[in-house]
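Reading the structure
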Amino acid sequence: MSLHDDAVLVLKGYEGQPELRELYLEHLAAHPDGMYKPCGAGHLTSSALVIDPARGRVLLTLHKKLGMWLQMGGHCEEGDPTVEAAALREAAEESGIEGLALLPGGPVRLDRHPIPAPCHWHLDVQYAALAPADGVARISEESLDLRWFAYDEVAAVADASVVRLVEGTLARL
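Notes on the structure follow. As the structure is a computational prediction, the values presented were derived from the model and not from experiment.

Criteria and thresholds
- Residues numbered from 1 in each chain as written.
- Predicted model: local features only at pLDDT ≥ 70, side-chain atom pairs only at ≥ 80, totals over all residues.
- Heavy atoms only, no water.
- Phe/Tyr/Trp six-rings, centres within 6.5 Å; stacked < 30°, edge-to-face > 60°.
- Helix = DSSP H or I, 4+ residues; strand = E, 2+ residues; numbered from the N terminus.
- Buried < 20%, exposed > 50% of the residue type's maximum accessible area, 1.4 Å probe, protein only.
- Lys NZ or Arg CZ within 6 Å of the ring centre and 35° of its normal.
- Salt bridge = Lys/Arg side-chain N within 4 Å of Asp/Glu carboxyl O.
- Core = buried A, V, L, I, M, F, W, Y, C linked by side-chain atoms within 4.5 Å.
- Polar contact = N/O pair within 3.5 Å; in protein donor to acceptor, adjacent residues only side chain to side chain.

Moving on: the packing of aromatic side chains. Counted according to the given criterion, the structure contains one aromatic pair. Centre to centre, the rings of W69 and F149 are 5.0 Å apart; their planes meet at 80°, and the pair counts as edge-to-face. In this pair, W69 is assigned in strand β3 (residues 69–70) and F149 in strand β8 (residues 143–150), connecting sequence segments 80 residues apart. Judged on exposure class, the residue W69 and its partner F149 are both buried. If you follow R57 out to its NZ or CZ, it ends over the ring of W148, 4.0 Å from the centre. Positioned above the aromatic ring of W121 is the side chain of R112, whose terminal nitrogen or guanidinium carbon lies 3.5 Å from the ring centre.

Structure below.
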């Protein structure tokens, strides 16, 4: 099964945000290359909020290009077998934490946001990844900073999309 086919199955099984889910599915139907960065009309991305429920906190990265506190995530790559695998890969690469495990139940949220040309949209499929108790975060070259925030601190540092992802993740816990 291709990554494109996996994304279609994941989205068809996702029960939240029906209008946005349909927009993602229409995009994939119209763009066979819609999983990858070269697709000028936009492309799917995959991300994961790294969460430590035992300590009531989430790990955010200060994105090097955007200068914003965000969850871990990014572009799907040719070697990613599934959208979930892409989210887990991105979370591990950007957090440096070994042994992350995605929260069961598929995506937590979808978030569509504009990006600069030549591409126009990121269609993000957002997951949550549970950090192991002994996990050690290490900053990657993609980040300016990496920091744990208590749940109630996120709204003061991150935009509304990250706040909604935290809320969705906490509701699922």
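Close approach of charged atoms lets side chains of opposite charge pair. Per the stated rule, a full pass over the model turns up nine salt bridges. Salt-bridge contacts for R89 lead to E90; the nearest nitrogen and oxygen are separated by 3.0 Å. Assigned by exposure class, R89 and E90 land together as buried.

Looking now at the nonpolar core. Of all hydrophobic cores here, the largest spans 32 residues; its most connected members are M35, L44, V50 and Y127. Within the second largest apolar cluster, 17 residues are counted, among which are W69, V108, F149 and A158.

Before going further, it helps to spend a moment on the side chain of S46. Tracing the sequence through the fold places S46 in strand β1 (residues 43–52). Assessed through its relative accessible area of 0%, S46 is described here as buried. Within polar-contact distance, the side chain of S46 engages the backbone oxygen of V83 at 2.8 Å.

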